[in-house]
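Reading the structure
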Amino acid sequence: MNELDTKYFKKLVKEKLSDKSLRTIVKKATFHSLQKRNETIQNDISEKWEQLREKAYSIRKITIENWDYYFNQIKAKFSENGIDFFYAKNSSEVCDIVNNLLFSYKAKNIVKSKSMVTEEVGLNEYLEKFGFIVTETDLGEYIIQLANERPSHITAPALHKSRSEIGFLFSEKLNIDYTDAPEKLTDYARQILRKKFLNADVGISGANFLVAETGTIVIVENEGNARLTITLPKLHIVITSIEKIVPTLSDALILLRLLPVSSTGQKITSYVSFINKPEEEDNSSKNLKKIVVILLDNGRSKLISDKKLRSILYCIKCGACMNKCPVYQLIGGHAYGSVYPGPIGSILTPWLNSFKDSKDLAYGSSLCGACSEICPVKIDIHYQLLRIRKYSIEKKFSPFIEKIIFKIWLQIVKNYKIYNLLSNILCFLGPLFQETGLKIPVWSKYKYFPAPFEFSFHKWWQREVKTQEEYANV
Ligand code: SF4
């Protein structure tokens, strides 16, 4: 597995910014998703999109604010439905529970459908150490498993790879002739994965929603691999995080109207599975397949108890904030060094990991607010980014030089005369930089800083007010 870590964020950003081909691939993919999303909203959503977002926001708010209630309700429902349930405080508890289950089933071959929570706990690496053979069956996840990488996007794990890169990867790892034709590559993967499904002892999946009133597990996907993962093996283990609970089936349906549109621009995904209870094997109710649900906390209940931070957990993991983020578009997902990249990763990771090591993620943002604007459940993402910055300063985690710079800046903006003098000097010098823009050490290596305008905003405002007054007097 490649060594990524949030404390190397700045270093990774520099590295990724100089990779022009990565930038082109990421921009193309994110642009495509956004375009499809916008078209679907415009052409196919009969209800007003904003009304749906409002409803979704209140569903998520109510659930998280009353989480204890719904947690107890779903626990009772799981037991009524014959589903085993575990609450895991942290990653190592999840790994231990899974390990014990696999040993008790004498399992060897495991198939997995997409689950970001298993990435969070490092399940594959853990199981491989014990000799289990784990195969990712979502095509994107399969690609990055072959490449020994991490997902770079929460819904499109191999978004950073071009067709030719995938072609070379398949040719090298699967020992086949090179091709970059998507149909052929998919067909190769399909043939291999079919055999894996048929030989699998256990299937591991994530879940998009867990419905408290019925104990239903909801899984959305496009490839049918999740359905095979959950139906073929005798044991199905669901690993997800505690915030995935929703109160009712109709609440889940509202969220299902928003999730695929925000994620891939589809009205609905090709497969939506609702699982209530274990299936009977060979039509005998004595021979039931087993379903086990493991809910990971990993610091989330602390977020739930914090009124200012709990909205982070409203997230339905659609990935739209990544697609829209101008920073993500430039650096891709691996630069973040965290399991959850992009804006949502930047506000979630510091609270789940070491805050000191991950706080820099919150500075990888222009604070333009595009993430909050696109978020289907209306998370105040850019305010959460500011909250992390504030906390970082309060805890004295920010560099001393930053503190000095802001102190000087504060003195300047507090003193009208100095502020005005400096902005006039900049405006006076502006024409000298019209061609090249301002050159700021390091910063200008990657970005263009336009030259200051020939007069300041203040002057423009005075002129504007005067014109308005003259106009009013005519
Ligand atoms: S924060 Fe919002 S936009 Fe981003 S992944 Fe979560 S639900 Fe989607």
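Residues numbered from 1 in each chain as written. Predicted model: local features only at pLDDT ≥ 70, side-chain atom pairs only at ≥ 80, totals over all residues. Heavy atoms only, no water.

Okay, the sheet that holds strand 2 (residues 109-112) next. Spatial strand order, 1-12-7-4-2-3: six strands in an open sheet with parallel pairing. The open sheet has two free edges, formed respectively by strand 1 (84-88) and strand 3 (133-136), since each of these has just one partner strand. The average undirected angle you get between the axes of adjacent strands in this sheet is 20°. Two strands pair when backbone bridges link them, and strand 7 (residues 235-241) and strand 12 (residues 290-296) are joined in this way by seven bridges, in the parallel orientation. By the bridge assignment, Leu235 is partnered in strand 12 with Lys290. (Pairing = 2+ DSSP bridges. Helix = DSSP H or I, 4+ residues; strand = E, 2+ residues; numbered from the N terminus. Axes fitted to C-alpha atoms, helices over the stretch in contact; angles between N-to-C directions.)

Domain assignment breaks the protein chain into domain 1 (6-301), domain 2 (318-394) and domain 3 (402-473). Inter-centroid distance (C-alpha atoms) of domain 1 to domain 2 is 21 Å. Counting the surface lost from both domain 1 and domain 2, the interface buries some 3,500 Å², and carbon and sulfur atoms represent 62% of this. Of all residues in domain 1, the largest losses of buried area upon contact with domain 2 belong to Thr6, Phe9 and Arg53, amounting jointly to 21% of the total for that side. Our count for the domain 1 to domain 2 interface comes out at two salt bridges. Its salt-bridge partner being Lys378, residue Glu54 comes within 2.5 Å of it at the nearest N-O pair. The tally of links from domain 1 across to domain 2 stands at nine residue pairs in polar contact (both at pLDDT 80 or more). (Domains from an automatic or database assignment. Buried area = accessible area lost by both parts, 1.4 Å probe. Salt bridge = Lys/Arg side-chain N within 4 Å of Asp/Glu carboxyl O. Polar contact = N/O pair within 3.5 Å; in protein donor to acceptor, adjacent residues only side chain to side chain.)

Before going further, it helps to spend a moment on the layout of surface pockets. Counted as a void, the second largest pocket has a volume near 1,100 Å³. What lines the second largest pocket is a set of 28 residues, among which Lys10, Tyr363, Gly364, Trp443 and Lys447 lie closest to the centre. Looking at the lining of the second largest pocket, the elements that each hand over two or more residues are helix 1 (9-17), helix 15 (326-331), helix 20 (400-414) and helix 22 (443-446). Taken together, the residues of the lining of the second largest pocket break down into 17 nonpolar, four polar and seven charged. (1 Å grid on protein atoms, 1.4 Å probe; cavity = no way out; pocket = protein on both sides within 12 Å on 5 of 7 lines; lining within 4 Å. Points joined across faces, edges and corners; volume = space filled by probe spheres on them. Nonpolar A, V, L, I, M, F, W, Y, C, P; charged D, E, K, R; others polar.)

As a further point, take helix 9 (residues 163-174). The end-to-end C-alpha separation of helix 9 is 16 Å, in line with the 16 Å expected for twelve residues at 1.5 Å each. Within the sequence span of helix 9, burial applies to Ile166, Gly167, Leu169, Phe170 and Leu174. All buried residues of helix 9 fall inside an arc of 165° around its axis, so they share one side. Exposed side of helix 9, more than 90 degrees from the buried face: Phe168 and Glu172 are the residues found there. (Expected span 1.5 Å × (residues − 1). Buried < 20%, exposed > 50% of the residue type's maximum accessible area, 1.4 Å probe, protein only. Arc of directions from axis to C-beta.)

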